[in-house]
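A closer look at the structure
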Amino acid sequence: MKRLEDVAIGARVHSELVLRGLNGKDLGARLDLPQTSVSRRLRGITRFSATEIASVAEWLQVPVSSFFEPVPPARPMEGVAS
């Protein structure tokens, strides 16, 4: 089952890849994982391990903490009854 935190981390990793012109195949080569495993991590279905996150952060030259920024709370839409 997907957890919001795992989805958010995967989305942040994916964003960093895109900013650098990289993709899941590049990430798979870095982590020595098949494409299906990379895809599952980027979609938040499978969690990144601490070692994987550290490796990705080093490779992308970003602090590990950048993948764990708080997710802003959802705001109610105007005009929609709750």
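Scroll up to find the structure this text is about.
In what follows, the accompanying structure is described. What you see is a predicted model; the values in this text were computed from it and never measured.

Some points on the overall build of the protein
Within the protein, the regular secondary structure consists of four helices and zero strands. Taken from N to C terminus, the helices and strands of the protein fall in the order α-α-α-α. Counting over 82 residues, the protein shows a buried share of 30%. By sequence separation, contacts in the protein at least 24 residues apart represent 62% of the contacts at least 6 residues apart. Of the roughly 5900 Å² of accessible surface on the protein, 57% is carried by carbon and sulfur atoms.

Some points on the side chain of Glu52
Relative to the assigned elements, Glu52 resides in helix 4 (residues 50-60). In this structure the side chain of Glu52 is engaged in a polar contact, spanning 2.9 Å, whose partner is the backbone nitrogen of Ser49. Apart from the residues lying within four places of it in its own chain, the contact partners of Glu52 are Leu31, Leu33, Arg41 and Arg47.

Focus: the environment of Arg47
One can find Arg47 in the loop between helix 3 (35-42) and helix 4. The exposure class of Arg47 is partly exposed, given its relative accessible area of 45%. Between the C-alpha atoms of Arg47 and Ile9, which are 38 residues apart in sequence, the distance is 8.7 Å. With residues up to four places along the chain from it excluded, the contact list for Arg47 reads Arg3, Asp6, Arg41 and Glu52. Among the polar contacts made by the side chain of Arg47, one reaches the side chain of Asp6 at a distance of 3.1 Å.

A closer look at the environment of Gln61
By the secondary structure assignment, Gln61 is in the segment after helix 4. Considering only alpha carbons, one finds Gln61 and Glu16, 45 residues apart in sequence, at a separation of 9.9 Å.

Overview of helix 1 (residues 4-19)
The first and last C-alpha atoms of helix 1 sit 22 Å apart over 16 residues, in line with the 22 Å expected at 1.5 Å per residue. When helix 1 is considered as a whole, its buried residues turn out to be Asp6, Ala8, Ile9, Gly10, Val13, Glu16 and Leu17. Buried positions along helix 1 lie against helix 2 (24-31), helix 3 and helix 4.

Focus: the pattern of salt bridges
Per the counting criterion, the structure on display carries four salt bridges. A salt bridge links Asp6 to Arg47; its shortest N-O distance comes to 3.1 Å. Placement of the pair is Asp6 in helix 1 and Arg47 in the loop between helix 3 and helix 4, with a sequence separation of 41 residues. With relative accessibility at 12%, the residue Asp6 sits in the buried group.

Analysis parameters
Residues numbered from 1 in each chain as written. Predicted model: local features only at pLDDT ≥ 70, side-chain atom pairs only at ≥ 80, totals over all residues. Heavy atoms only, no water. Helix = DSSP H or I, 4+ residues; strand = E, 2+ residues; numbered from the N terminus. Buried < 20%, exposed > 50% of the residue type's maximum accessible area, 1.4 Å probe, protein only. Contact = heavy atoms within 4.5 Å. Areas by Shrake-Rupley, 256 points an atom, 1.4 Å probe, with all protein chains shown as cover. Polar contact = N/O pair within 3.5 Å; in protein donor to acceptor, adjacent residues only side chain to side chain. Expected span 1.5 Å × (residues − 1). Salt bridge = Lys/Arg side-chain N within 4 Å of Asp/Glu carboxyl O.

All quantities given are derived from atomic positions and should not be read as evidence of function.
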